[in-house]
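# Working through the structure, step by step
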Amino acid sequence: MTVTAKAPPVSDERLSKPRVLDRLVVRPEIGAALGALLVFVFFSAATEQFLSLAGAATWLDDASTLGIMAVAVALLMIGGEFDLSAGVMTASTALVTAILSTQLGVNVWLALLISLAFALGVGALNGWLVMRTGLPSFIVTLGSFLALQGLNLGVTRLVTGSVQVSGMRDTAGYESAGYLFASTFPVFGQEFYVSIVWWVLFTAVAAILLVGTKFGNWIFAVGGAAMSSRAVGVPVLRTKVVLFMTTAFAAWLVGSINILRFTSVQANQGIGLEFQYIIAAVIGGCLLTGGFGSALGAAIGALIFGMARQGIVYANWNSDWFQLFLGVMLLSAVLVNNVLRRRAERVRR
Amino acid sequence: MTTPLIETKDIGKTYGSVIALSDVSTVVHAGEVTCVLGDNGAGKSTLIKILAGVHQHDEGSFQVEGEEIRFSSPREALDHGIATVYQDLAVVPLMSVWRNFFLGSEPTTALGFIDRKQGRAVTKKALSDMGIDLRDVEQPVGTLSGGERQCVAIARAVHFGAKVLILDEPTAALGVKQAGVVLKYVAQARDRGLGVVLITHNPHHAYPVANRFLLLKRGRALGSYEKDEIDIEELTRQMAGGAELEALAHELRAAEA
């Protein structure tokens, strides 16, 4: 560290001195962290409940399931792809689990496993289709988004005669599975949902994977320049398919958390959420063009979401204002990211 | 005479009914530069894609160190010590220099994590061995100049034990000074005992470093010369179309009169 950071004795006349600001600004999550701090301070000052333990439990919970998805979507976006089916997948996985255990009497644990296999299968199919056809993932996953939406409604109506599945509470294995996915734990006398732990865990694993492993290096590479990566021997297809499967896995985790907490699921749930995931990832510093971003940033992006959504409730404002806030947040994030990218990509001739 | 690293005899390639390359013979020796010259569409790309394992030849013989070979993938060519640096595909701009350097061959610790300290140190050493003096290997490659990017890619190929280095138009998008810098590293790779295949359409870039010239035109070999058989004027004349250009000049004069 000390040796490499030292400047060589003869300096290159084409290079100017590195600026501390330059080094700091290259971190993709800096903008999001500042935004989160701003939102936190604002609502802490503007409302009573926001800074209380009960308040924190609420907005952290709101951010948690969104955060799990945002982190997975961020990995995929860094890898240069989108997944529009991610939102609907959270409902599909919940429906598979619910239908299997309430209608067919399958043990909840087994139902969860089958649902996981289903999710990974859809993820792999998404990835394989994108890579085989060479079509933009935007259009391919728009297709799987619509297909899943149709399946969710169609199969649910076929099996239950309505558009919701409920009654998870009476199924075998509900207690133990619920403990893992939907229980609460006390901190200073305030109950926090376990989904927050899943969020933190998922973010930590993703962040370490991204910057500390070979696979993480490949994610940046395939998103930044797929052909160059292939030329030096990076398995581009495998990397991208695994990323699609990771998003599907996250959707399964969120679907499982939802079904075990609320014990029922609407067949039209999850529609439109895919854009929230992308927005959180972009606020967290992901480029829409791939090759740049951060898992931690996406988690912070989701935190901003949760804090603002609940803060507006505490402030007794109309929730319409949330959309305005979101739009402004997204635009400023995109502008900041754009500057960052040009800084990193600029060519000096 | 030692066995050449690469030898092609009457090699050819067709895409459907299009003959992209036919009857091209050349040789690449260790410590020498073979220069492939030709205009757009002359078959330069097809030839190097065969050598690099991207495409397979349909006719003739392709030998690597005396062994008849047909690569099924770029990875296989790489395993035989043939590394290719493409003009636009050399690096991932948003990644740091050392991460680019090790992309696909990352050094890992016992726990399976990337060994960043070693990665940075080795990159810095390998680059300075090639005479490339970078202040910070943590900076994104995109902040380097076009010439420096090519150099990082060349240094990477040399470091990972390439025996043959194929350079696709390394100087095409560069200014005069930058092109000179890249040619210096080409010479350095040659002096380290690598066989180099340099693709270019600029005879002034080719002549100072090359030992051998292969001129391609419309998929065929227009000529193959050792350096002592041809001077730069003749090389330029042939490159530019030679006799055809004279005929054209004649025609124009006739039209004016």
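None of these values were measured; they are calculated from a predicted model.

Here we come to the overall build of chain A. Within chain A, the regular secondary structure consists of 14 helices and 4 strands. For a compact globule of 349 residues, the expected C-alpha radius of gyration is about 20 Å, and chain A comes in at 22 Å, within 12% of that figure. Seen along its three principal axes, the alpha-carbon backbone of chain A occupies a region of about 75 × 55 × 35 Å. Per-residue burial for chain A yields a buried fraction of 50% across its 349 residues.

All right, on to the packing of helix 4 (residues 86-103) of chain A against helix 5 (residues 108-133) of chain A then. Residues and elements named next belong to chain A. Closest axis-to-axis distance for the helix 4/helix 5 pair is 8 Å, and the angle between their directions is 145°. Handedness of the crossing formed by helix 4 with helix 5: right-handed. Of helix 5, the residues touching helix 4 (which contributes Met89, Thr93, Val96, Thr97, Leu100 and Ser101) are Val108, Ala111, Leu112, Ile114, Ser115, Phe118, Ala119 and Val122. Here the residues of the contact of helix 4 with helix 5 sort into 10 nonpolar, 4 polar and no charged.

We now examine helix 11 (residues 236-262) of chain A. Residue and element names in this part refer to chain A. Here helix 11 is 27 residues long and its end C-alpha atoms lie 39 Å apart, about the 39 Å a rise of 1.5 Å per residue gives. In terms of burial, helix 11 is a largely internal element, 22 of the 27 residues being buried. Two residues or fewer after helix 11 comes Thr263, characterised by a positive phi angle close to 60°.

The next subject is the sheet that holds strand 6 (residues 82-85) of chain B. Residue and element names in this part refer to chain B. The 6 strands are arranged 6-7-8-3-9-10 in an open sheet whose pairing can be described as mixed. Two strands lie at the open edges of the sheet, namely strand 6 and strand 10 (220-226), each paired on one side alone. On average, each strand axis in the sheet is inclined to that of its neighbour by 15°, with strand direction left out of account. Note: strand 7 (residues 164-168) against strand 8 (residues 195-200), 5 bridges, orientation parallel. If you follow Leu165 over to strand 8, its bridge partner there is Val196. Its contacts with the sheet place helix 5 (residues 146-159) against strand 6 and strand 7, and it is angled at close to 175° to strand 6.

All names here are of chain A. Interaxial distance between helix 5 and helix 6 (residues 137-160) falls to 10 Å at its minimum, and their mutual angle equals 140°. Accordingly, the angle class assigned to the pair helix 5 and helix 6 is oblique. The chirality of how helix 5 crosses helix 6 is right-handed. Contact residues: Val122, Asn126, Leu129, Val130 and Thr133 in helix 5; Ser137, Val140, Thr141 and Ser144 in helix 6. Grouping the constituent residues of the contact of helix 5 with helix 6 by class yields 4 nonpolar, 5 polar and no charged.

On to unusual backbone geometry. Residues and elements named next belong to chain B. One non-glycine residue, Glu169, adopts positive backbone phi at about 45°. Tracing the chain through its elements places Glu169 in the loop between strand 7 and helix 6 (176-191). The buried category is assigned to Glu169, around which 21 C-beta atoms lie within 10 Å. In the Ramachandran plot, Arg218 falls in the positive-phi region, its phi being about 50° despite a non-glycine side chain. Its location among the elements puts Arg218 in the loop between strand 9 (212-217) and strand 10. Residue Arg218 is classed as partly exposed on the basis of its 14 C-beta neighbours within 10 Å.

All names here are of chain B. Pairing is antiparallel in the open sheet, where 4 strands are placed in the order 2-1-4-5. This sheet does not close on itself; its edge strands, each paired only once, are strand 2 (18-28) and strand 5 (67-68). Both strand 1 (residues 6-15) and strand 4 (residues 59-64) contribute to a ladder of 5 bridges, which runs antiparallel. Bridging from a neighbouring strand, Thr8 pairs with Phe62 of strand 4.

All names here are of chain A. Relative to the assigned elements, Ala206 resides in helix 8 (residues 195-212). With 24 C-beta atoms packed within 10 Å, Ala206 lands in the buried category. Sequence separation between Ala206 and Thr239 is 33 residues; the distance between their C-alpha atoms is 14 Å. In this view, Ala206 contacts Val71, Leu75 and Ala295; residues no more than four positions away in its chain are not counted.

Turning our eyes to something else, we now look at the UniProt feature "transmembrane region" (unreviewed entry) in chain A. Residues annotated in UniProt with the feature "transmembrane region" (unreviewed entry) correspond here to residues 24-45, 57-77, 108-131, 138-159, 192-211, 243-263, 275-308 and 320-340 of chain A. Segment residues 192-211 of chain A splits into 85% helix and 10% strand. End C-alpha atoms: 30 Å apart.

We now examine the environment of Val130 of chain A. Residues and elements named next belong to chain A. Structurally, Val130 is set in helix 5. Taking C-alpha positions, Val130 is 11 Å from Gly80, a pair spaced 50 residues apart along the chain. When residues no more than four places from it in sequence are discounted, the contact partners of Val130 are Glu81, Leu135, Ser137, Val140 and Lys240.

Our focus in this paragraph is the pairing of strand 7 of chain B. Residues and elements named next belong to chain B. For strand 7, the tally of buried residues reaches 5 of 5 residues, placing the bulk of the element in the interior. Because side chains alternate across strand 7, one face comprises the buried residues Val164, Ile166 and Asp168, and the other comprises Leu165 and Leu167, equally buried. Two elements, strand 6 and strand 7, share 4 bridges in a ladder whose sense is parallel. Bridge pairing links Val85 to Leu167 in strand 7. After leaving strand 7, the chain enters helix 6 and then returns to the sheet as strand 8, a path that is right-handed.

Cut-off values and rules
- Residues numbered from 1 in each chain as written.
- Chains lettered and ligands numbered in written order.
- Predicted model: local features only at pLDDT ≥ 70, side-chain atom pairs only at ≥ 80, totals over all residues.
- Helix = DSSP H or I, 4+ residues; strand = E, 2+ residues; numbered from the N terminus.
- Rg over C-alpha atoms; globule rule 2.2 N^0.38 Å.
- Buried ≥ 20, exposed ≤ 12 C-beta atoms within 10 Å, placed from the backbone.
- Axes fitted to C-alpha atoms, helices over the stretch in contact; angles between N-to-C directions.
- Left-handed = near helix turned anticlockwise from the far one by under 90°.
- Contact = placed C-beta atoms within 7 Å.
- Nonpolar A, V, L, I, M, F, W, Y, C, P; charged D, E, K, R; others polar.
- Expected span 1.5 Å × (residues − 1).
- Pairing = 2+ DSSP bridges.
- Parallel < 35°, antiparallel > 145°, perpendicular 65-115°, else oblique.
- UniProt positions renumbered as here; feature names shortened; annotations may be inferred.
- Right-handed = clockwise from strand over helix to strand, strands pointing away.

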